Amino acid sequence: MTNNADEEKERMTQTYAALGIGLVCILVGIPLWWKTTEIYRVQLPYSDIQRLSHTQIQYSISIEVISFHSKLTNQLPTVARTLQEALTQKKKTSVQPVYQVQVRDASDSERQQWKKAHSLNDLDAAFGRPEKVGLSKYSVLFLPKSSHLQADPVFVGQHGTLAVSVGESGVEGVVQQLTPVLQEVVVREGAVEKSLDAAQGLRTQKPDKDSMRWFRSKPGYDVTFTLINPQPSLLDVQWDIQAGVQGYLKPFLDKLSPFTSISVTSQVLHYVGLVATPRKDVSQNVYFYREQDLPLMINPLEAKLGSHASSRPTLNFVVYVPSRDNSPLYIRDENGAAVASNAFLSPRWGGILIYNADAPGNKTHIPTVHVDVKRVMEVFITQLRLLLNIHVQASNMQVNFSDLGREALTDWEVGGWLRCRCVENLATAKASLLSLAQLLDQISNIVINDHIGQEVETAVRSIQQSEDLLARGHLYEAFTASRTAIIASEKAFFDQSLLELLYFPEDQKFAIYIPLFLPISIPVLTSLIQAVKWLRQVRQRDDKKPKSQ
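Computed from a predicted structure; not experimentally measured.

Enquirer: Would you take a moment to explain the overall build of the protein for this structure?
Expert: Along the protein, the regular secondary structure elements total 15 helices and 16 strands. Put simply, the protein has 549 residues, and 45% of those count as buried. Of the contacts made within the protein by residues no fewer than 6 positions apart, 78% connect residues no fewer than 24 positions apart. Total accessible area on the protein is roughly 29700 Å²; 53% of this is exposed by carbon and sulfur atoms.

Enquirer: What's the story with the packing of aromatic side chains in this structure? I'm lost.
Expert: Geometry of an aromatic ring pair is reported as the spacing of the ring centres plus the angle between the planes. Across all of its chains, the model carries 12 aromatic pairs by this definition. Each ring, one from F68 and one from W114, has its centre 5.3 Å from the other, and the planes form 50°; the classification is tilted. Note that F68 is positioned in the loop between β1 (57–67) and α3 (76–88) and W114 in helix α4 (residues 108–116), a separation of 46 residues in sequence. Judged by its relative accessible area of 2%, F68 falls in the buried class. The class of W114 is buried, set by a relative accessible area of 10%. An aromatic cluster is defined as three or more aromatic residues linked by ring pairs; in this entry it consists of F259, W417, Y476 and F479.

Enquirer: Looking at this model, I keep getting lost on unusual backbone geometry. Mind explaining?
Expert: Note: most peptide bonds trans; most residues except glycine with negative phi. The step from S327 to P328 runs through a cis peptide bond, and the omega angle for that step is -5°. If you trace the backbone, P328 turns up in the loop between β11 (314–320) and β12 (329–331). At N342, a position not held by glycine, the phi torsion is positive, near 55°. When you line up the elements, N342 lands in the loop between β12 and β13 (343–346). Although it is not a glycine, N389 adopts a positive phi angle of roughly 65°. You can see N389 is positioned in the loop between α11 (373–387) and β16 (399–401). Classification of N389 by relative accessible area gives buried; the value is 1%.

Enquirer: Hey, could you run me through the sheet that holds strand β8 (residues 261–270) in this one?
Expert: In any sheet, the strands associate via hydrogen bonds between backbone groups, in a parallel or an antiparallel arrangement. Across the sheet, five strands lie side by side as β8-β6-β11-β14-β13; this open sheet has mixed pairing. The open sheet has two edge strands, β8 and β13, and neither has a second partner. With strand direction ignored, the average angle separating the axes of adjacent strands in the sheet is 15°. Where β11 and strand β14 (residues 350–354) come together, five bridges link them in parallel fashion. Bridging from a neighbouring strand, V319 pairs with L353 of β14. Sheet strands touched by α11: β6 (220–229), β11, β13 and β14. Its angle to β11, the strand with the most contacts, is close to 150°.

Enquirer: What should I look at first to understand helix α12 (residues 411–442) in this one?
Expert: Over its 32 residues, α12 runs 46 Å from end to end, which matches the ideal 46 Å to within 8%, given 1.5 Å per residue. With respect to burial, α12 is a largely interior element, 25 of its 32 residues being buried.

The rules behind each value
Residues numbered from 1 in each chain as written. Predicted model: local features only at pLDDT ≥ 70, side-chain atom pairs only at ≥ 80, totals over all residues. Heavy atoms only, no water. Helix = DSSP H or I, 4+ residues; strand = E, 2+ residues; numbered from the N terminus. Buried < 20%, exposed > 50% of the residue type's maximum accessible area, 1.4 Å probe, protein only. Contact = heavy atoms within 4.5 Å. Areas by Shrake-Rupley, 256 points an atom, 1.4 Å probe, with all protein chains shown as cover. Phe/Tyr/Trp six-rings, centres within 6.5 Å; stacked < 30°, edge-to-face > 60°. Pairing = 2+ DSSP bridges. Axes fitted to C-alpha atoms, helices over the stretch in contact; angles between N-to-C directions. Expected span 1.5 Å × (residues − 1).

See the structure below:
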């Protein structure tokens, strides 16, 4: 009897020990293991990112019409309404301009300035707004047909001032003439839409040559000028590239310096030629390349230009002096006519100018050729404007531009360029954040560190700030915020800690933990099962005992 009681007591002790170990493993061990193996992930603003990806970008444009025509005073409300309707009659897209038109008569002081002006450029200097806040503000001057200053076709000044001559009853015609100039030349609505489509990676049925040619928006660029002389033993070629950069390119770079960083380098290469063999026109005793031959020059030549240590995009501009046996050398278009600039542009790469030197004659010493840097810079600055999306296409419009003089860029060109870059930055930053959010949502075992969360928060906040500033017409501040947004979004997206290969997928985790926990868990589970069975048997046995009366 005593032995049965001792066995019963020992079995009870074993049962409670098994239950205790099992409860400790389940209630303490599993949560502790789960917590210690948990992946650290900062909470990201997924809802804000999703909402920003569907918001429409708007930019505000302020148009102030100043009438110097005394007989148009009663028609000014009609002018405002007609111009407002003409500017807004366009289908809604993902990026939408918002025009604010104000029309008024010129004040007495403004009329005095108009009478004193000797040219339309004087009016532009008097009424233009060169300050940064005015990059989204434009003045339109309505001048009488009988005025000493005639603006027919529409005149566009350096500082965002437009002038047009108006007759007594020709308001509607002037509005029709003025509207496309404002939309496509000054504001550049089409270029802004193309910048957005290019940033979003949209594909159209017809590839757009402009967007394929532009360099994408970056904080900085490297510009390299290269002089190639394939026969230095026969021809001594000299160029004062420093004077050319200081005299012609520096004003251009100074205008863009508040918005992007552009560094300039130069080099001279000897004994380097073009791989493609030119054709010969026997009748004119000249050599030439056709348009289909030009792409064959880039790849072999690029290998000779040297490697670039910088991570910034590089714009290459090459001056090639033909060898004696292939001179003079020209570029001909598809119709067989010689290209006036004798240069061609390669999209997102740069340009090449073929510079023909004069025949050396029968001189015994090596002739020296001095490259005309003015001619070279005129070609390359034009190509640079195309590559950076600054050039304005206005060939199909009646418009008269002011003479730039020493100015490389006008204020309204800078404004249009900033508008395109700002929209492109916003679209790129949104796409990066949306892709990052989708990636982190699909792969749950990637660590999200604090600095990544901070970069994402900075990008989201900068996008919201930039869109608000852009909608209120503060273009410079909006561009600065968009640049902060794209830098922060790319830092977060390309952070090395997000590499999936640094962490085990779920199946690999199970492959590691099962050999470790299975030998331990089987005895524990077996003891728990036996303990539960024994307790059930004890309860059933106690239920069968007769109850005392």
